[in-house]
Amino acid sequence: MIEDFQGNEEGGISSSAQLNLVLAFFDIGHKLAEAWDSRADMVKAGDSLLGEICKHSVRSLASMGGSRLLSGGDRVVKLYEFSANADGEDVALKRMCDFDVDGDVEEMVALDTSRIAVRYSNMCTVIDVETEKDLGSLHHPNKVTSVAVSPDGGCLLTGCVDRIIRKWKVSSPFSCIQQWECILPSKDYNYRQQAFLCDMKLIFFDNDQVLVGDSSSDTVHLTKVADGAVVRSFETGNGVHSICTMNSTSFLTGHQNGRIHQWKTDELKKYHTFKGHDEAVVSIAQVDEFQFVSGSKDESAMLWDLRSRYRLHSFSGHADPLKSVVFFPAPAGIPAGRKLLTASDDKTDKVVSIKVWGLEEFKSEVEEDWSDPYPLEICYRVI
């Protein structure tokens, strides 16, 4: 190499040295472009941050009725009324009331426009936010790891560490009407209890089928709700920390290694892999038919597009790993109202637990014929 740079007899630089110089310049240019992109992401993230809520350790977020936000944390559920001005920039979260529960809240799902199911320890409690009453509890013999409600609100499922999925009556008095065991190949063996412990994740694919995953398993089952029969199994290659149904033919899985896989129900192999997060993806929320948001333990959230397969934006600013992300659609009469809310389990009073971000500036028009659902060339125009 040294001889190459010293030149040849005519005093010029050899061809191999020229090639090395060109490659070096390309490498420098690539690193500068990455640095500029990171700087642009940070600037845009700061510009899109619309509001913050402090002094509340949050483990779960849930939306209700399009204008209400529920945040759950250390033995309490807080209800907020979400509002914004006409241009969608002046965001207000009015705290309406608090609901005390007997354990640290891990997850919440809305049963309808007035009732929520709150998961903690070996219990799920149903609360009516209109009357502020506890409607009853769903008791389990073991720790509950997931709760899910069907799109039509007619079916409520819970999953436990004992691998049992239970189907519950959705009206009071609540009772278990069916249960079945879901076997997922697990790596987490508890020698004291002489059993595999399951960190089950449930999400309805449609009203009749549910997706079942596990953070200690590489497998996702598509299961019938009627009898628990496995329709199809998907080998993900890594522990499943989150699942999101996108449409009637595809769903997403978030993994321990920070990857997000897209799956088609008529195929057993991964349709596409989204790379960007450095740690486990613990929450995925659908934005619209083609966009979704992911939240990770790397303290960031990311906005993705299925059509282009690109990451559209990164949102950072939390001081602790994210626990939950939730999307709020534009309220009626507010053209620029799409919002993303992110939450982390921040323990100190000086650290923000919930952040509100504007998504409208990242909404894109695609100037392309979508007869091919995944074209090679896509042009985005930010509006």
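Predicted model, so just to flag it, every value in this text is computed and none were measured.

What counts as what
Residues numbered from 1 in each chain as written. Predicted model: local features only at pLDDT ≥ 70, side-chain atom pairs only at ≥ 80, totals over all residues. Heavy atoms only, no water. Helix = DSSP H or I, 4+ residues; strand = E, 2+ residues; numbered from the N terminus. Buried < 20%, exposed > 50% of the residue type's maximum accessible area, 1.4 Å probe, protein only. Contact = heavy atoms within 4.5 Å. Areas by Shrake-Rupley, 256 points an atom, 1.4 Å probe, with all protein chains shown as cover. pLDDT = per-residue confidence, 0-100. Core = buried A, V, L, I, M, F, W, Y, C linked by side-chain atoms within 4.5 Å. Polar contact = N/O pair within 3.5 Å; in protein donor to acceptor, adjacent residues only side chain to side chain. Pairing = 2+ DSSP bridges.

## Some points on the overall build of the protein
- From N to C terminus, the protein includes two helices and 32 strands.
- Counting all 383 residues of the protein, 49% fall into the buried class.
- Across the protein, every contact between residues at least 6 apart in sequence was considered, and the portion connecting residues at least 24 apart equals 44%.
- For the protein, the exposed surface amounts to about 18,500 Å²; the carbon and sulfur share of it is 50%.

## Comments concerning the side chain of Ser250
- Tracing the chain through its elements places Ser250 in strand 21 (residues 250-255).
- With a relative accessible area of 1%, Ser250 lands in the buried category.
- Beyond its immediate stretch of four places on either side in the chain, Ser250 contacts Phe205, Thr245, Gln262, Trp263 and Lys264.

## Thoughts on the confidence of the model for the protein
- Model confidence for the protein is summarised by a mean pLDDT of 80, while 75% of its residues fall at 70 or above.
- Ignoring residues within four places in sequence, the model shows residues 1-7, a span with pLDDT below 50, making nine contacts including any to other chains.

## Considerations on the nonpolar core
- With 16 residues, the main nonpolar core has Leu70, Val77, Phe99, Met108, Ile116, Val118 and Val129 as its most contacted residues.
- If you list the elements that add at least two residues to this core, you get strand 2 (58-64), strand 4 (76-84), strand 5 (91-100), strand 7 (115-120) and strand 8 (123-128).
- Tallying contributions element by element places strand 7 first for this core, with three residues.
- Not counting the four nearest positions on each side in its chain, Leu70 is found in contact with Ser60, Leu61, Ala62, Met64, Val77, Lys78, Leu79, Met108, Ile116 and Val129.

## Notes on the side chain of Arg68
- Within the fold, Arg68 resides in strand 3 (residues 68-73).
- A residue is classified by how much of its surface remains accessible, and Arg68, at 19% relative accessible area, is buried.
- Here the side chain of Arg68 touches Glu130 through a polar contact of 2.9 Å, side chain to side chain.

## A short note on the pairing of strand 11 (residues 156-160)
- Counting buried positions along strand 11 gives five out of five residues, so the element sits mostly inside the fold.
- The side-chain alternation of strand 11 yields two buried faces, one formed by Leu156, Thr158 and Cys160 and the other by Leu157 and Gly159.
- In the sheet, strand 10 (residues 144-149) pairs with strand 11 via five bridges, with the strands oriented antiparallel. Paired with Val144 across the bridge in strand 11 is Cys160.
- Linking strand 10 to strand 11, which pair antiparallel, is a turn of six residues; within it Gly153 sits at a positive phi near 75 degrees.
- Where strand 11 lies against strand 12 (residues 164-168), four bridges are found, and the strand directions are antiparallel.

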